[in-house]
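Examination of the molecular architecture
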Amino acid sequence: MRDISMHMMDIIQNSITASATKIEILITANSKKDLLEIRISDNGCGMNKDFVNKVTDPFVTTRTIRKVGLGIPMFRESAIAAGGYFRINSEISEGTDILAGFKISNIDRIPLGDVAETLSEVIISRPDISYKLDLKSDKDVFEFDTEKIREVLQGVSISEIDVIGWIKENIEEGLKSTLGGVLNEIA
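This report concerns the structure included in the present document. (Residues numbered from 1 in each chain as written. Predicted model: local features only at pLDDT ≥ 70, side-chain atom pairs only at ≥ 80, totals over all residues. Heavy atoms only, no water.)

**A look at the packing of helix α1 (residues 4-17) against helix α3 (residues 71-81)**
The following threshold applies: To obtain each axis, a line is fitted to C-alpha atoms, and for helices this fit is confined to the stretch in contact; angles are then taken between N-to-C directions over 0 to 180 degrees. Helix and strand definitions here come from DSSP, where helices need a minimum of 4 consecutive H or I residues and strands a minimum of 2 consecutive E residues; each element is numbered from the N-terminal end. Crossing handedness is read from the near helix: turned anticlockwise from the far helix by less than a right angle, it gives a left-handed crossing, and turned clockwise, a right-handed one. The contact definition used throughout considers only heavy atoms, calling two residues in contact when any of these lie within 4.5 Å. Each residue gets one label: Ala, Val, Leu, Ile, Met, Phe, Trp, Tyr, Cys and Pro are nonpolar, Asp, Glu, Lys and Arg are charged, and the others, such as Gly, are polar.
Relative orientation of the contacting elements α1 and α3 amounts to 145 degrees, with a least axis distance of 10 Å. Seen from above, α1 lies across α3 with left-handed handedness. Where α1 approaches α3, its residues His 7, Asp 10, Ile 11 and Asn 14 are matched on the opposing element by Gly 71, Ile 72, Met 74, Phe 75 and Ser 78. Of the residues belonging to the contact of α1 with α3, the class tally is four nonpolar, four polar and one charged.

So, in structure tokens, the structure goes:
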């Protein structure tokens, strides 16, 4: 995958397939530790311990139409190639938590990508799910929560084109103010 946001899209799709009704994304950039962390958590059906131990193998998948599942293994490889780490915690009926760490200065770290576009697309495709995005860095914090937005909208669909446009702009501004000084690719 070309960037981290595409990995995020794949993991979010897995959460949706696992019947999640709430998906939380935390992106933390710490310049002092030279660390970018991506955490994606959901309240989906979860995985048993045996499957969690095998899920980073590309030939292990729950899909029936193909016998290869590359999303999690590729996300793991991207993190490790950038001097980082990858962890999965999951329990049946409790959901799944995925954490990937990337060394910011590592030459093999792929760019963060268009997180605003990625999140806008998943909101359009599944507006019934609650999404939360938290961005944290040495200098700022940004919070985005579709539940809070729904309260303000008072019956207007969150997937309306004008609402999605505002959501995308809001997330882009949050990325710039929070991560822009830490990650050089965010202008």
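**Considerations on the side chain of Asp 34**
Heads up, the rule is: Only protein chains enter the area calculation, which uses a 1.4 Å probe; residues under 20% of their type maximum are buried, those over 50% are exposed, and those in between are partly exposed. In this charge count, Lys and Arg are treated as positive and Asp and Glu as negative; neither His nor the chain ends contribute. Any carboxyl oxygen of Asp or Glu within 4 Å of a side-chain nitrogen of Lys or Arg constitutes a salt bridge here. Any pair of N or O atoms that falls within 3.5 Å is considered a polar contact. Within protein, one atom must be able to donate a hydrogen and the other to accept it, and sequence-neighbouring residues count only if both atoms are side-chain atoms.
By the element assignment, Asp 34 lies in the loop between β1 (22-30) and β2 (35-42). Of the side chains with opposite charge, Lys 103 lies nearest to the buried Asp 34, which makes no salt bridge, at 4.2 Å. Among the polar contacts made by the side chain of Asp 34, one reaches the side chain of Ser 105 at a distance of 2.5 Å. Excluding anything up to four places from it in sequence, Asp 34 contacts Phe 102, Lys 103, Ile 104 and Ser 105.

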